[in-house]
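Each chain, letter by letter, is given below.
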Amino acid sequence: MNKMTKNKPVNFFMTGATGFFGVALIRNLLLSGHTVTGLVRARHGTDALSRLGQRLSEHDPDFPVGEHLGKTLLAAEGDVTCRNFGLDELSYDRCAAKSDIIIHSAATTDLDADWKVYEKINIGGTREAIKFASRTRERSLVHISSAYVAGDRTDMVYEDELDLSVGFRNNYERSKAMSESEVRNAGAAKDIRFMILRPSIIIGDSKRGRMGQDHHLFNFLLRLFWARQMIYKQMKSKKTAHGDRFRILGNLDTTKNFVPVDYVADLSSLLIDSEEAWGHAFHLTHPDPLHLGDLETYIRKAMDWPGFSCCPIDTMKDLSPLEKRFFGTIKIYEQYFWEEPLFDRTRIKAVLGKRMPKAPAISQGAVNKLVGFVLERYRHRKSQPKPS
C-alpha cells in the first residue's frame, strides 16, 4: 500500500456528503486543495451535484461554491444502503479507481428507529463502504463513528477500546459499535487500512450556531420554545398557579459533551492529513464538557425564562400535565440527562500535538447563538401559512 505524502492533493469519496457534519468536512477538504466526490441522492427534482452545492452554500454562505462545483467538488447519484451504493458497475468501478480514500459519514442518528433501519443504513452501509475502500487506490477508509459506542459506561473510555458486551442506551449506539467492529475486523484482515473518528454530541457551528433542522439539539430546543409558549398562554389566561415554572428531569452534576461541528471538522481534516493516525480510533470530544447545571442556567438566560429548571427523578410524580407531556416527547433524550462516560483524548493529542486546535467554549454566548438560531426557525415556522 502506498503512503500518502503530506500536502499532496487527495481524491476523496464521501458518503453522507449532504449531512450536517459532511458538508462542514467537505468545506475544509476543498480549502486544503483536495477533490471530493459526494455520494448524494437526487431529491425534489434537484440533481445530485446541485443539491450538494446548495447544502455547502447553506452551511457557509461565504464559501465560493461555484469555483469548485464540477471541478474539485463532484457528485455520484446513489444510495449508501444499496449494493455498490446504487451505482452501475461501470460507474462504481470508475469512482473507486479514481478515489484515494473513502470517508464514510452516512448514518441514521435516530435514537428510536426499528432495528432493521439500523441494520440497513448503519451496518449495511458500513459494509458497502469497506468493500468500496478495498478498491480505492490507497485501500483506505475513514469511518465516522460515535463516542457513544461506549454505551452505558460511566468510567474512562480509551480511544482504541471497543466492547460489544456493554449495555447500550439504544439501538443507535449498538449499531454504531457493531459498524465500528466491522471496520476494525476488515483492518485486522488487511483488507483495508482504517481511521475511526468518534465525535461526541455535535452541535451547531461556533460562529453562528447553525444546526440542521433534523438535529437532536435543534429538536429539543424547538420543543422548549413550544412549551414556553404554552406556559405563557396559561399565565395570560390565569390557568396556572405556578407562574412560568417549567421543569425537566436531569442530574445537574452530569456532563454533556457537546462539540461544535466546525471544531469536529477541523479535528477530522487534521487527522486525515496525519499518516500516523491510520490504524487507530480518536475521540473528537470536548476537553471541558459542559455540566447540565450550567446548560440549565444558559438556556434559562438565553430563552429569558426564569422558571426553567432541571429537577431530580423523584419529582416526576409532581410534574404538571404540560411538564409530563413534554417529558413524553423527549423521552428518547432523557436517558442522556443522568450520566455519561469520560472520554480519554491521549492519542489525538499525541498525533496532533501543537496542531491541536483550541476547543470553542460552550459558554453562555455559545448557547445564545444556538437558541437564537432555533428561535429564528421557530418564528419562521409559525409565520408559514397553514395547509388548507
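Residues numbered from 1 in each chain as written. Predicted model: local features only at pLDDT ≥ 70, side-chain atom pairs only at ≥ 80, totals over all residues. Heavy atoms only, no water.

**Looking at the pairing of strand β7 (residues 193-199)**
Under the convention used in this document: Burial here depends on accessible area, computed with a 1.4 Å probe over protein chains only, as a share of the maximum for the residue type. Under 20% is buried, over 50% is exposed, and the range in between is partly exposed. In this description a helix means any DSSP run of H or I spanning at least four residues, a strand means any run of E spanning at least two, and both kinds are numbered starting from the N terminus. In this analysis, strands are considered paired if DSSP registers two or more bridges between them.
Burial analysis of β7 places seven of its seven residues in the buried class, the great majority of the element. Alignment of strand β5 (residues 140-144) against β7, held across five bridges, turns out to be parallel. Paired with S140 across the bridge in β7 is R193. Inspection of the sheet shows β7 paired to strand β12 (residues 281-284) by four bridges, in the parallel sense.

**Some details on the confidence of the model for the protein chain**
Basically, it comes down to this: Residue-level confidence of the predictor is summarised by pLDDT, bounded by 0 at the bottom and 100 at the top. Two residues form a contact once any of their heavy atoms are found within 4.5 Å.
Of all residues in the protein chain, 95% have pLDDT values of 70 or greater, and the mean over the chain is 92. Long-range and interchain partners of residues 1-5, a stretch whose pLDDT sits below 50, account for 12 contacts in this model, where long-range means more than four residues apart.

**Structural notes on helix α5 (residues 115-133)**
For the record, the criterion: One less than the residue count of a helix, multiplied by 1.5 Å, gives the span that helix is expected to have. Across the chain, bend at a residue is computed as the angle between axes fitted to the seven residues ending at that point and the seven starting from it. Each polar contact in these results corresponds to two N or O atoms within 3.5 Å; when the atoms are within protein, one needs to be able to donate a hydrogen and the other to accept it, and residues that are neighboring in sequence are counted only if both atoms are side-chain atoms.
The end-to-end C-alpha separation of α5 is 26 Å, in line with the 27 Å expected for 19 residues at 1.5 Å each. Its axis deflected by about 30° at G124, α5 carries its strongest bend there. For α5, the complete set of buried residues consists of Y118, N122, I123, G124, G125, T126, E128, A129, I130, F132 and A133. The backbone nitrogen of K116 has a side-chain oxygen 2.9 Å away, supplied by the residue at the start of α5, namely D114.

**Quick look at the packing of aromatic side chains**
Quick note on the threshold: Classification of ring pairs uses Phe, Tyr and Trp, with its six-membered ring standing for Trp, and accepts pairs whose centres are within 6.5 Å; under 30 degrees between planes counts as stacked, over 60 as edge-to-face, and the remaining range as tilted.
Counting across every chain of the model gives 13 aromatic pairs. Seen in terms of ring centroids, F218 and F373 are 6.3 Å apart; in terms of plane orientation they differ by 70°. Their pairing is edge-to-face. A residue pair is termed long-range when its members are at least 10 positions apart, and F218 in helix α7 (residues 216-236) and F373 in helix α13 (residues 364-383) qualify at 155 residues. According to the relative accessible area criterion, F218 is buried, its value standing at 0%.

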